[in-house]
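One-letter residues, chain by chain:
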Amino acid sequence: MNTKFAYTKEVAQATSSIFDKLNSQYSEAYWKSMAPYIYKINRLKKEKNAIILAHNYQTPDIFYGVADIVGDSLKLAQEAAKTDAEIIIQCGVHFMAETSKILSPEKRVFIPDFDAGCSLAESINANDVKKLKEKYPNTPVVTYVNTSADVKAETDICCTSSNAVNIVKKLAEQGHKQVLLIPDEYLALNVAKECPEIKVITWERGHCEVHERFTPEDIKNIRKRNEDVVILAHPECPPEVVDECDFSGSTSQMQQYVEEKRPKKAALITECSMSDNIAAANPDLNLVTPCQLCPHMKKITLPKILKSLQEETGEIFVDKQIAIKAKKSVDAMLEMSK
Ligand code: 13P
Ligand code: SF4
């Protein structure tokens with residue numbers, strides 16, 4: 001047995017309150033193998049003045065075990081901009097860590113697995129944006145945060161799933177007749193339905209590989225099998241899927257909806273860990289889980305977090321000039337979202 005990672009009395013004591021919350025999610029045997037990592041990460045975090053930011057799609061052991069701040073992309077960006085910690089460990093995907101670095105260039109930002117990417121961020125590069133700007137002059141470029149720093153640097157204002165509608169509406173109020181909303185085609189089409197006052201130009205090659213898998217038939221089947229179910233979808237789902245649902249919003253907006261309204265039964269049309277995290281905190285909620293796994297989010301694990309923190313591996317660097325330009329578009333979003 002590896003004594004470095006033994007489930008000692010000290011580990012059991014320090015982690016028992018976390019296991020109390022997660023015992024419906026994990027077996028005792030699995031917990032005993034993971035708790036020593038949680039214990040070590042939490043101690044090391046304090047020693048190094050580090051903070052762990054975790055997205056809502058992280059697994060419950062990370063979400064409840066080691067994260068200091070959890071939330072959707074907007075919340076994580078807001079927190080990265082104001083933390084006093086010297087080190088940020090980003091438990092999420094690469095663009096999230098890059099956004100933290102852009103907002104806090106003086107801090108050291110690490111991602112526990114450099115290969116945790118995103119199909120949306122992969123779908124577009126800075127050259128593509130330059131070409132779009134030539135094709136549509138005098139058109140504001142609104143870019144989803146799920147993009148690289150190079151793409152953000154070519155952008156007027158970023159958005160997330162929680163503020164995209166508001167940002168596009170504000171641009172319409174400012175007198176703009178059209179807007180480029182890239183790269184998620186489905187998010188843009190869903191926003192366009194709510195903003196008929198402005199023409200929304202989309203990028204047809206960008207889709208989330210997780211949310212694009214849901215179909216209207218999936219939603220109809222959930223309704224058929226579950227009387228009185230309230231169905232919530234992430235706006236990265238195709239518009240015909242969102243049309244079949246009762247509510248659409250960012251990951252945190254979905255969580256807020258079910259925790260406040262407490263429907264008899266709810267189905268979250270999004271990534272699997274969302275429901276697991278909500279279920280752990282709200283054992284009385286009845287959640288149907290027709291979820292899909294994000295293979296990138298799932299690359300982040302407790303052993304990789306410990307390695308990154310201990311050995312300082314997976315550090316994020318962004319070219320200074322790119323970071324300055326990219327920061328303007330993220331700051332513009334944060335300003336508009338206040
Ligand atoms: P949220 O900003 O809603 O958390 O979404 C991020 C994401 O990657 C969803 O797939
Ligand atoms: Fe990207 Fe989709 Fe994974 Fe979110 S769920 S990180 S949009 S691939």
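Per chain, the residues get numbers from 1 upward, laid out in the order the sequence is written. A letter from A marks each chain and a number from 1 marks each ligand, given out in the order of writing. Local features in this predicted model are restricted to residues whose pLDDT is 70 or higher, and side-chain atom pairs enter the listing and the counts only when it is 80 or higher, whereas totals over whole chains, interfaces and linings include all residues. Excluded from the side-chain calculation are hydrogens and water; included are all heavy atoms of the structure.

With that settled, the discussion passes to the site of ligand 2. In the neighbourhood of ligand 2, the contacting residues comprise Tyr57, Val93, Cys118, Ser119, Leu120, Asn146, Cys208, Val210, Glu236, Cys294, His296 and Met297. Tallied by class, residues from the shell around ligand 2 come to eight nonpolar, three polar and one charged. Residue proximity to a molecule or strand is established when one non-hydrogen atom of the residue lies within 4 Å of it. Three classes are used, and their members are as follows: Ala, Val, Leu, Ile, Met, Phe, Trp, Tyr, Cys and Pro are nonpolar, Asp, Glu, Lys and Arg are charged, and the others, Gly among them, are polar.

In space, the four strands of this open sheet follow the order β2-β1-β3-β4, with parallel pairing throughout. Of all the strands in the sheet, the pair left with one neighbour each is β2 (69–71) and β4 (108–110). Direction aside, the axes of adjacent strands within the sheet are offset by 20° on average. Relative to β2, strand β1 (residues 50–55) runs parallel, the two sharing three bridges. Counted as the bridge partner of histidine 55 is glycine 71 from β2. Packing against the sheet, helix α4 (residues 73–82) makes contact with β1, β2 and β3 (87–91), and its axis sits at approximately 150° to β2. By definition, residues are in contact when any of their heavy atoms lie within 4.5 Å. Here an angle of 0 to 180 degrees is reported between the N-to-C directions of two axes, which are lines fitted to C-alpha atoms, with helices fitted over the stretch in contact. Starting at the N terminus, helices and strands are each numbered in turn, a helix being any DSSP run of H or I of at least four residues and a strand any DSSP run of E of at least two. In this fold helix α15 (residues 302–311) packs onto β1, β3 and β4, with an angle of close to 160° to the strand it touches most, β3. If DSSP finds at least two bridges between two strands, the strands pair.

On to the site of ligand 1. Near ligand 1, the surroundings consist of His55, Tyr57, Asp72, Ser73, Asn146, Ser161, His211, His234, Glu236, Ser250 and Thr251. Polar contacts here mean pairs of N or O atoms no more than 3.5 Å apart (in protein, one a potential hydrogen donor and the other a potential acceptor; neighbouring residues in sequence count only if both atoms are side-chain atoms). Residue asparagine 146 places a side-chain N or O atom 3.4 Å away from an oxygen atom belonging to ligand 1. In this structure, an oxygen atom belonging to ligand 1 sits 2.7 Å away from a side-chain N or O atom of serine 161. In the complex, 95% of the free accessible area of ligand 1, which totals 300 Å², lies under the protein chains. Of the residues in the shell around ligand 1, the class split is one nonpolar, eight polar and two charged. The protein chains shown are the only cover counted for residues, whose accessible areas, like all others here, come from Shrake-Rupley with a 1.4 Å probe.

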